[in-house]
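Residue-level structure breakdown
Residue-level listing of the chains:
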Amino acid sequence: MDTSNVQPGNGSTSGSQRKKPVGLAVEHAPAVSMRPTQLAGFDLHHPPEPELIADCVHCGFCLPTCPTYLLWGEEMDSPRGRIQLMKMTSAGEIGINATFTAHIDRCLGCMACVTACPSGVQYDKLIEATRPQIERHYKRSFSDRLFRSFLFSLFPHPARLRAMLPLLFMPSVSLGALRSRPATFTRAQGKRRRRVGLLLGCVQRVFFDPVNAATMRVLTAEGCDVVVPPGQGCCGALCMHSGREEEGLKYARRLIDAFEVWGVDTVVVNAAGCGSTMKEYAHLLRDDPRYAERARAFSDSVRDISEILAELEPVAPRHPIQLRVAYHDACHLAHAQRVRLQPRKVLHSIPGIEVVDIPEADICCGSAGIYNLIEPQAANQLGERKAQHILSTHPDVIATANPGCLLQINAALQRLGQRIPTLHPVELVDASIRGVVPPGLTKE
Ligand code: SF4
Ligand code: SF4
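A few points on the structure. (Residues numbered from 1 in each chain as written. Chains lettered and ligands numbered in written order. Predicted model: local features only at pLDDT ≥ 70, side-chain atom pairs only at ≥ 80, totals over all residues.)

Tallying secondary structure elements over the protein gives 23 helices and nine strands in all. Put simply, the protein has 444 residues, and 48% of those count as buried. If you take every contact in the protein between residues at least 6 apart in sequence, the share linking residues at least 24 apart comes to 75%. (Helix = DSSP H or I, 4+ residues; strand = E, 2+ residues; numbered from the N terminus. Buried ≥ 20, exposed ≤ 12 C-beta atoms within 10 Å, placed from the backbone. Contact = placed C-beta atoms within 7 Å.)

So this is what it looks like as structure tokens:
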């Protein structure tokens, strides 16, 4: 690997830009997380674990699944290369400089390398530990900081996002949807089988309110009392995926507080990115004496909508829908949560539906949280690559379980001059139960 570009002090962290020398504890590092041994390149607040770094045997099996390696063929933009950069930083051979930051920033966090790795390398834990180190020690350019501050003052706040909508051209968002407020409690139809809490999500509730409405109808039809805790905010996923740890943890604690009081059996999520982070709360809040145990219980109760529907044998009759559906595996469902079979099982429960897999299914569509906003060129390339693969399957409909993927694939199809309805799988189940035409399709 060519590391000539990543010498100590190279890049913009040298001199006055770094607040504290690497290897020393920083102010935000809680005392509980101090480790006895100082690392040379990272501070001592949850640095990437050397033991996890050492698990990588450099075999390269992960390389073909890594979207950035696929695009650029650059070793430092591969999982193996990024782990090597972490190892060198950990050993103090390089600092958290511009080059290090660029290669880590370019990682989509898609976790395809995690499922591909035969040695069980926990890249998810490594990248999750590395990003906050960058946010603490690397001073980004003024414009980058400004743009990120803007994004994080907007996306985790549905009310602000909603207020911005008139400025965005979003024909798919109806005024009715913007005004809708789901009931706090909706009773199960027939015999009650579960009492579940529903996460509304930030992007989901603003851009894809019909997905939440469909989720509620399907859950109640399948015998679930549905609670939508009022005051639930952001789950913190966008912040956590971008290294804004304290902000992300604040959201996580608030969400636990909001759901805990309602005593639900299961917390249901229909946005893959949110679900993967909520299942990580136990790990993320492991040092917090007030929340560690509660976070564990909360994480244990989180299920993607496809998981709970696959667990509950269907009781609501399904009407046939004759459609060829291309199912796109959202990375945070397939790789991060290892949920692949359940969405397919749920779609197969609809008579008449043909589910087709998409070539190169393991490769990310380029959405990845705010990635498509901060790395638009790479994101567009990946989006169009995904759209081409989808088009090769000649589907009537595309189904995927993440709002970011829905937006990204729609945008890529539009750039290619194509229009195919994109739906959340639960919208198809809902249409089948109600015996109506799925949204975006017309009756023949
Ligand atoms: S991360 Fe896993 S698959 Fe990739 S090089 Fe290391 S050991 Fe091999
Ligand atoms: S998370 Fe995705 S983009 Fe990042 S190194 Fe792994 S495969 Fe590549």
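Looking now at the packing of helix α3 (residues 79-90) against helix α4 (residues 98-105). Remark: α3 packs on α4, axes separated minimally by 10 Å, with the N-to-C direction vectors making an angle of 145 degrees. Read as a crossing pair, α3 and α4 show a hand that is left-handed. Along the contact surface, α3 presents Arg82, Leu85 and Thr89, while α4 presents Phe100, His103 and Ile104. Residues of the contact of α3 with α4, tallied by class, amount to three nonpolar, two polar and one charged. (Axes fitted to C-alpha atoms, helices over the stretch in contact; angles between N-to-C directions. Left-handed = near helix turned anticlockwise from the far one by under 90°. Nonpolar A, V, L, I, M, F, W, Y, C, P; charged D, E, K, R; others polar.)

What follows is about the site of ligand 2. Close to ligand 2 lie 14 residues, the nearest being Cys66, Pro79, Cys107, Cys110 and Cys113. If you list the elements that add at least two residues to the shell around ligand 2, you get α2 (67-72), α3 and α5 (112-116). (Near = placed C-beta within 6 Å.)

So, about the sheet that holds strand β1 (residues 185-186). The mixed open sheet is built from five strands, whose spatial order is β1-β3-β2-β4-β5. The open sheet is flanked by β1 and β5 (302-304), the only strands paired with a single partner. Here strand β4 (residues 266-269) pairs with β5 via three bridges, running parallel. Paired with valine 267 across the bridge in β5 is valine 302. (Pairing = 2+ DSSP bridges.)

Further remarks concern the site of ligand 1. For ligand 1, the set of nearby residues contains 13 residues, the closest of which are Cys56, Cys59, Cys62, Arg80 and Cys117. Considering only residue class, the shell around ligand 1 consists of nine nonpolar, three polar and one charged.

Quick look at the environment of histidine 328 now. Here histidine 328 lies in the loop between β6 (323-327) and α18 (331-334). Histidine 328 gets classed as buried once you count the C-beta atoms within 10 Å, which come to 27. Note: C-alpha distance between histidine 328 and aspartate 357 (29 residues apart in sequence) is 7.3 Å.

Attention now moves to the nonpolar core. Judged by nonpolar contacts, the single largest core of 117 residues is most densely connected at Cys235, Val267, Val269, Val325, Cys364, Ile409 and Leu428. Here the element with the most residues in this core is helix α22 (residues 403-415); it accounts for six residues. If you count residues domain by domain, this core takes at least three from each of domain 1 (15-140) and domain 2 (158-310). In this structure valine 267 touches Gly197, Leu199, Phe259, Met278, Phe298, Ser301 and Val302, once residues within four positions along its chain are discounted. (Core = buried A, V, L, I, M, F, W, Y, C linked by C-beta atoms within 7 Å. Domains from an automatic or database assignment.)

When strand β2 (residues 194-198) meets strand β3 (residues 224-227), the two strands line up parallel, connected through four bridges. Within β3, the position partnered with valine 196 by the bridge is valine 226. Pairing between β2 and β4: three bridges, direction parallel. Counted as the bridge partner of valine 196 is threonine 266 from β4.

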